[in-house]
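Geometric and topological summary
The residues making up each chain are set out below.
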Amino acid sequence: MYKGLLAVLASLWLVGCVDTNWRTAETHEIMPPLDFSLVDENGQAVEAEDYAGKATLVYFGYTFCPDVCPITLARLAGTLNRLDDDVRDDIQVLFITVDPARDTPEVVKRYTAAFGDEFIGITGERAEIDALTNRMRVTYEYEAPNKRGDYIVTHTSAVFAFDREGEARFLIRDSHPIADAVADINRLVTEG
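Residues numbered from 1 in each chain as written. Predicted model: local features only at pLDDT ≥ 70, side-chain atom pairs only at ≥ 80, totals over all residues. Heavy atoms only, no water.

1. Here we look at a negative patch on the surface
Just so we agree on the cut-off: For patch building, the residue pool is restricted to those with more than 30% relative accessible area and no salt bridge; the joining distance is 9 Å between like charges and 5 Å between nonpolar side chains (Val, Leu, Ile, Met, Phe, Trp, Tyr). In short, Shrake-Rupley with a 1.4 Å probe defines the accessible areas, and a residue's cover is counted only from the protein chains shown. What makes a salt bridge here is a side-chain nitrogen of Lys or Arg within 4 Å of a carboxyl oxygen of Asp or Glu, nothing more. This count recognises Lys and Arg as positive and Asp and Glu as negative, with His and chain-terminal groups excluded. We put the charge of a Lys on NZ, of an Arg on CZ, of an Asp on CG and of a Glu on CD. Secondary structure elements follow DSSP: runs of H or I of four or more residues count as helices, runs of E of two or more count as strands, with numbering from the N terminus.
Together, Asp35, Glu47, Glu49 and Asp50 line one region of the surface with negative charge. The residue Glu47 is located in strand 3 (residues 45–47) in this model.

In structure tokens, the structure reads:
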């Protein structure tokens, strides 16, 4: 009888030790669900609901970015390559531009193609992008153009993760180890 009671207590204790936190930065309680009406890389009007059914990673950037965007997206592509094929098939990455004046559907499509099939370029009107970034507390700012009219856009570099229903789960920062990002993305897909 005591052995049975000890076994039950040990199993309850172990259940209490299960890690329910993400290894990266949990956002479920502080971020709103994914919600937007924009334009995809094929020039089609899209809404967040169009991407339901798969785990979705969202990154805000721009194609003329000289360093942060290509490095972050290449790192994310490398992270996804560490996942099993069946897990990777249930992931999509939305690259949402914060520079719609230069980032037309054709431009974002060409840009995202360099990182993999999971990457989808999204653009739209500046007011629509502002509504989304404000809702998600994402900041960006245009710097003064140079003599040629080129300009830099400073922006948030985090990757936001949403479950299959568009609910926020976690975000990945540049400072997070790739192993933690792999574990969290794997968990996001396998837990549904």
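2. What about the pairing of strand 6 (residues 119–123)?
In plain terms, the rule: A 1.4 Å probe rolled over the protein chains alone gives each residue an accessible area, and that area as a share of the maximum for its type sets the label: buried under 20%, exposed over 50%, partly exposed in between. By the convention used here, strands pair only if DSSP detects at least 2 bridges between them.
Most of strand 6 sits out of view: five of its five residues are buried. With burial as the criterion, each face of strand 6 is covered, one bearing Phe119, Gly121 and Thr123 and the other bearing Ile120 and Ile122. Direction of pairing for strand 2 (residues 37–40) relative to strand 6: antiparallel, over a ladder of two bridges. Of the residues in strand 6, the one forming a bridge with Val39 is Thr123.

3. Some thoughts on the sheet that holds strand 2
Stated precisely, the cut-off is as follows: When checking whether two residues touch, look at their non-hydrogen atoms; a contact exists if any pair is within 4.5 Å. Angles here are taken between N-to-C directions and fall from 0 to 180 degrees, while the axes themselves are lines fitted to C-alpha atoms, restricted in helices to the stretch in contact.
Strand order in this open sheet of eight strands is 1-10-9-4-5-6-2-3, and the pairing throughout is mixed. With partners counted over all chains shown, the strands left at the sheet margins are strand 1 (25–26) and strand 3, one partner each. Across four bridges, strand 4 (residues 55–61) lies against strand 9 (residues 159–162) in antiparallel orientation. In the strand pairing of strand 9, Tyr59 is matched with Val159. Contacts from helix 2 (residues 68–81) reach strand 4, strand 5 (91–97), strand 6 and strand 9, with the element oriented near 165° to strand 4. Against the sheet, helix 6 (residues 178–190) contacts strand 4, strand 5, strand 9 and strand 10 (168–172), and its axis sits at roughly 160° relative to strand 10.

4. Topic: the packing of helix 2 against helix 6
The cut-off we apply is this: Comment on the angle field: the value is read as roughly parallel under 35 degrees, roughly antiparallel over 145, roughly perpendicular from 65 to 115, and oblique elsewhere. Each crossing gets its handedness from the near helix: less than a right angle anticlockwise from the far helix is left-handed, clockwise is right-handed. As a working rule, the residues Ala, Val, Leu, Ile, Met, Phe, Trp, Tyr, Cys and Pro are called nonpolar, Asp, Glu, Lys and Arg charged, and the rest polar, with Gly in that last group.
It is at 9 Å that the axes of helix 2 and helix 6 come closest, and there the two elements cross at 60°. Of the possible angle classes, the one that applies to helix 2 and helix 6 is oblique. The crossing of helix 2 and helix 6 is right-handed. Residues Arg75, Leu76, Thr79 and Leu80 of helix 2 form the contact with helix 6, whose own contacting residues are Ile178, Ala181, Val182 and Ile185. Partitioning the contact of helix 2 with helix 6 into residue classes produces six nonpolar, one polar and one charged.

5. Digging into the state of the cysteines
Filter applied, for reference: By convention in this document, the label disulfide applies to cysteine sulfur atom pairs within 2.5 Å.
Under the defined criterion, the tally for this structure stands at zero disulfides. Free of any disulfide, Cys65 has its nearest neighbouring cysteine sulfur in Cys69, separated by 3.4 Å. With relative accessibility at 8%, the residue Cys65 sits in the buried group. With a relative accessible area of 0%, Cys69 lands in the buried category.

Any link to function would need more than the numbers given here.
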